[in-house]
Amino acid sequence: MTILFFFLAHWYLSLFAQTFFLHRYAAHQMFIMNMFWEKLFYFSTWLFQGSSFLSPKAYGIMHRLHHAYADTEKDPHSPMYSKNLLDMMKKTLFVYLSVLNNTKDMEDKFKKGVPYWASFERIAGCWFVRMGWGVLYLLFYLQYANYWWMFFLLPIHFLMGPIHGAIINWYAHKYGYVSFKVGDTAKNLLPIDFLMMGESYHNNHHKFGGRANFGIKWHEFDPTYLIIFIFNLVGIIHIKKDNDLKFM
Ligand SMILES: [Zn+2]
Ligand SMILES: [Zn+2]
């Protein structure tokens, strides 16, 4: 029971960091927040993603490239240009690292306004710290796992961030229903997104890239938008009025 709770907590907290901070804030800037909250959510992203912490700068820029070049050769991750899921994840890693290390050639507009906390990332992203998280997960399992098969869940903990990204970038570009005509293969993977906190309404999102609420049809409840709505109400963030963003 403890392991199940830990797994679900890690899954949803890590996913929240990705969809709220990395995707909707760093990449799309659907809302703004002051420096205090930005640093706090930056820190939480590291805390929740742990060993697989993704840099908001690299994620944000890479994701903008995805929207701009979806399903073309310049797309950082397209099932159309990958042999299988692992091949796509490997290619994504190379693009991610080249963006992170500033070796990727691209127009300046893709880099505009992404949050970057260099001194923090040097620590949070280093291999020693990533391995430390891995050891903590392992120790937790050694303490609380009741069955041997539970240890097979550990690789998911180690790679939680990239796995969440790959689920959408692979499956929501291959399977699901299409509500809007878009210039690429984006689909709404699940009619009720209880697994990906709104991320799976990917066709809606490709159509309306600046819209903070990914759900459109009556059954498409977006839990992350509910949190965004409450954060906006209490003044933690401010949803932009004009959601006509450039990176769609
Ligand atoms: Zn997006
Ligand atoms: Zn997409």
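These numbers come from a predicted model, not from an experiment. (Residues numbered from 1 in each chain as written. Chains lettered and ligands numbered in written order. Predicted model: local features only at pLDDT ≥ 70, side-chain atom pairs only at ≥ 80, totals over all residues. Heavy atoms only, no water.)

Undergrad: Explain the coordination of the zinc ion (ligand 1) to me, and be specific about the residues and the numbers.
TA: Looking at the zinc ion (ligand 1), one finds its protein donor set to be His23 (NE2), His28 (NE2), His63 (NE2), His67 (NE2) and His205 (NE2), positioned 1.9 to 2.2 Å from the metal centre. Every donor residue of the zinc ion (ligand 1) comes from the same chain, spaced as H-x4-H-x34-H-x3-H-x137-H. One end of the pair, His63, is in helix H3 (residues 56-69); the other, His205, is in helix H9 (residues 202-207), with 142 residues separating them in the sequence. (Donors = N, O, S within 2.8 Å, 3.2 Å for Na, K, Ca; no water. Helix = DSSP H or I, 4+ residues; strand = E, 2+ residues; numbered from the N terminus.)

Undergrad: Could you give me a rundown of a nonpolar patch on the surface, with the residues and numbers involved?
TA: On the surface, Phe221, Leu226, Phe229, Ile230, Leu233 and Val234 cluster together to form a nonpolar patch covering roughly 610 Å² of accessible area. For Phe221, a relative accessible area of 49% translates into the label partly exposed. (Patch = residues over 30% accessible without salt bridge, like charges linked within 9 Å, V, L, I, M, F, W, Y side chains within 5 Å. Areas by Shrake-Rupley, 256 points an atom, 1.4 Å probe, with all protein chains shown as cover. Salt bridge = Lys/Arg side-chain N within 4 Å of Asp/Glu carboxyl O. Buried < 20%, exposed > 50% of the residue type's maximum accessible area, 1.4 Å probe, protein only.)

Undergrad: I'd like a description of the packing of helix H1 (residues 2-27) against helix H6 (residues 127-144), backed by residues and values.
TA: Put simply, H1 and H6 touch, their axes get as near as 9 Å, and they point 155° apart. As far as their axial angle goes, H6 and H1 are roughly antiparallel. Every residue of H6 that contacts H1 at Thr2, Ile3, Phe6, Phe7 and His10 is listed here: Tyr137, Phe140, Tyr141 and Tyr144. Split into classes, the residues belonging to the contact of H1 with H6 amount to 7 nonpolar, 2 polar and no charged. (Axes fitted to C-alpha atoms, helices over the stretch in contact; angles between N-to-C directions. Parallel < 35°, antiparallel > 145°, perpendicular 65-115°, else oblique. Contact = heavy atoms within 4.5 Å. Nonpolar A, V, L, I, M, F, W, Y, C, P; charged D, E, K, R; others polar.)

Undergrad: Mind laying out the confidence of the model for the protein, listing which residues take part and the relevant values?
TA: Low pLDDT means the predicted atomic positions in that stretch should not be read closely. Taken residue by residue, the protein gives an average pLDDT of 95. The fraction at 70 or more is 97%. Under a pLDDT of 50 for its full length, residues 244-248 has, in the predicted model, 18 contacts with residues more than four places off or in other chains. (pLDDT = per-residue confidence, 0-100.)

Undergrad: Describe helix H10 (residues 223-233), naming the residues involved and giving the relevant values.
TA: All of the buried residues along H10 are Pro223, Thr224, Ile228 and Phe231. End-on, the buried residues of H10 take up no more than an arc of 145°, which puts them together on one face. Contacts made by the buried residues of H10 are with H1, strand E1 (31-32), helix H2 (35-49) and strand E2 (238-239). Once H10 finishes, Gly235 follows within two positions and takes phi at roughly 90°, a positive value. (Arc of directions from axis to C-beta.)

Undergrad: So what's going on with the side chain of Ser14? Which residues, and what values?
TA: Tracing the backbone through its elements, the reader meets Ser14 in helix H1. If near-sequence neighbours (up to four positions away) are discounted, Ser14 is found in contact with Ala9, Phe48, Gln49, Met160, Gly161 and His164.

Undergrad: Describe the coordination of the zinc ion (ligand 2), with residues and values.
TA: Coordination sphere of the zinc ion (ligand 2), protein contribution only: His66 (NE2), His173 (NE2), His202 (NE2) and His206 (NE2), at 2.0 to 2.1 Å. Because the angles between the 4 donor atoms bound to the zinc ion (ligand 2) fall within 93 to 148°, the donor set is best described as irregular. Spacing between the donor residues of the zinc ion (ligand 2) along their common chain follows H-x106-H-x28-H-x3-H. Within this pair, whereas His173 is found in the loop between helix H8 (160-171) and H9, its partner His202 is found in helix H9, the two being separated by 29 residues in sequence. Classification of His173 by relative accessible area gives buried; the value is 3%. The exposure class assigned to His202 is buried, which follows from its relative accessible area of 1%. (Tetrahedral: all angles 85-135°; square planar, octahedral: opposite > 155°, others 65-115°.)

Undergrad: Can you tell me about the side chain of Arg64, naming the residues and giving the values?
TA: Take Arg64: it is sitting in helix H3. Put simply, Arg64 is tucked away with no salt bridge, and the nearest opposite charge, on Glu38, sits 10 Å away. In this structure the side chain of Arg64 is engaged in a polar contact, spanning 2.8 Å, whose partner is the backbone oxygen of Ala27. (Lys, Arg positive; Asp, Glu negative; His and termini not counted. Polar contact = N/O pair within 3.5 Å; in protein donor to acceptor, adjacent residues only side chain to side chain.)

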